[in-house]
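# Commentary on secondary and tertiary structure
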Amino acid sequence: MARAATTTDAFNAVAEPRRRQILDLLVRGERPVNDLVRELGMAQPQVSKHLRVLREVGAVDVRDAGRQRLYRLNGHALKPIHDWVKAYERSWSERFDRLDAVLEELKKEERDARDE
C-alpha cells in the first residue's frame, strides 16, 4: 500500500519529531522564523523546510508583518489526528477506571485486614 505524501497528510507531516517541536512552540502563539530557529537550535533553511511542509498540510498559517513572516498554529488541520486518538483515549479511560476500582478494593481489603 502506497504511503501518503508528507505534504498532503497531517499524520505523516507530524510524524517528524522536529515538526512536532515546531507545533509545540507555535501552540504558545505566533512566532517569527528566527525565534523558531533560536529555540530549536537548527539552521534557518531546515526550519523553513519543516514550516513549508506544515503549511502545505494546513497545520501552520503564515502572515507578513512588515519584513517578518509570522507563523501560527492552525489547530483545525490537526483535528483528524485528534479524532483518531480520541477513540484510544476512551479505551485508556475505561482501563484506568477499572484499575481505580481494583486499587480501591485492594485498599479496602488492606484496611479490613488491619482492623482484625
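Look above for the structure.
An account of the accompanying structure is given in this report. All of these numbers come straight from a predicted model, not from anything done at the bench.

Analysis parameters
- Just so you know, the residues in each chain are numbered from 1, in the order the chain's sequence is written.
- Totals for whole chains, interfaces and linings use all residues, but because this is a predicted model, local features are given only for residues with pLDDT of at least 70 and pairs of side-chain atoms are given and counted only at 80 or more.
- Hydrogens and water molecules were not included; the side-chain quantities draw on all heavy atoms of the structure.
- Each helix corresponds to a stretch of at least 4 residues labelled H or I by DSSP, and each strand to a stretch of at least 2 residues labelled E; elements are numbered beginning at the N terminus.
- Exposure categories follow from relative accessible area, calculated using a 1.4 Å probe and restricted to protein chains: below 20% of the type maximum is buried, above 50% is exposed, and the middle band is partly exposed.
- Between two residues, a contact is recorded if the distance between any of their heavy atoms is within 4.5 Å.
- In protein, a polar contact means a hydrogen-donor-capable atom and an acceptor-capable atom, both N or O and within 3.5 Å, with residues adjacent in sequence counting only if both atoms are side-chain atoms; elsewhere, any N or O pair within 3.5 Å suffices.
- Every case where a carboxyl oxygen of Asp or Glu lies within 4 Å of a side-chain nitrogen of Lys or Arg is listed as a salt bridge.
- Strand pairing is assigned whenever DSSP identifies at least 2 bridges connecting the two strands.
- For helices, the axis comes from a line fit to the C-alpha atoms of the stretch in contact; other axes are also lines fit to C-alpha atoms, and the angle between any two N-to-C directions lies between 0 and 180 degrees.
- Between the first and last residue of a helix there are one fewer steps than residues, each counted as 1.5 Å, and that sum is the expected span.
- Each direction from the helix axis to a C-beta atom contributes to the arc, which is the arc of those directions.
- Between the rings of Phe, Tyr and Trp (Trp by its six-membered ring), a pair exists once the centres lie within 6.5 Å; its type follows the angle of the planes, with under 30 degrees stacked, over 60 edge-to-face, and the other angles tilted.

### A closer look at the environment of arginine 69
Relative to the helices and strands, arginine 69 resides in strand E3 (residues 68-73). Of the residues examined, arginine 69 reaches a relative accessible area of 40% and is grouped as partly exposed. For the pair formed by arginine 69 and lysine 108, sequence separation is 39 residues and the distance between their alpha carbons is 60 Å. Beyond its immediate stretch of four places on either side in the chain, arginine 69 contacts Arg31, Pro32, Val33, Val62, Arg63 and Asp64. At a separation of 3.3 Å, a polar atom in the side chain of arginine 69 contacts the side chain of aspartate 64.

### A closer look at the pattern of salt bridges
Throughout the structure, instances matching the rule amount to 10 salt bridges. A salt bridge links aspartate 35 to arginine 31; the shortest N-O distance between them is 3.7 Å. A salt bridge links lysine 108 to aspartate 112, with the shortest nitrogen-to-oxygen separation between them at 3.2 Å. With lysine 108 and aspartate 112 both in helix H5 (residues 79-115) and four residues apart, the pair spans about one turn of that helix. A residue is classified by how much of its surface remains accessible, and lysine 108, at 41% relative accessible area, is partly exposed. Taken together, the salt bridges that share partners define one network made up of Arg31, Asp35, Arg38 and Glu39.

### A look at the sheet that holds E3
Within the open sheet, the three strands sit side by side as E1-E3-E2. Their pairing is antiparallel. Each of the sheet's edge strands pairs with one partner strand only, and the pair in question is strand E1 (31-32) and strand E2 (60-65). In the sheet, E2 pairs with E3 via six bridges, with the strands oriented antiparallel. Each bridged residue has a counterpart across the sheet, and for aspartate 61 the counterpart in E3 is arginine 72. Across the sheet, helix H2 (residues 17-26) touches E1, E2 and E3, and the angle it forms with E3 is around 95 degrees.

### Focus: helix H4 (residues 44-56)
An ideal rise of 1.5 Å per residue puts 18 Å on 13 residues; H4 measures up with 18 Å between its terminal C-alpha atoms. All of the buried residues in H4 are Val47, His50, Leu51, Val53 and Leu54. End-on, the buried residues of H4 take up no more than an arc of 160 degrees, which puts them together on one face. Looking at H4, the residues exposed on the side facing more than 90 degrees away from the buried face are Pro45 and Lys49. Considering only its buried residues, H4 is in contact with helix H1 (10-14), H2, helix H3 (33-40), E2 and E3. Two residues or fewer after H4 comes glycine 58, characterised by a positive phi angle close to 85 degrees.

### So, the packing of aromatic side chains
Under the criterion given, the structure shown has two aromatic pairs. Ring geometry for phenylalanine 11 against tryptophan 84: centres 5.9 Å apart, planes inclined by 90 degrees, an arrangement best described as edge-to-face. Taken together, the residues span a long stretch of sequence, with phenylalanine 11 in helix H1 and tryptophan 84 in helix H5 at a distance of 73 residues.

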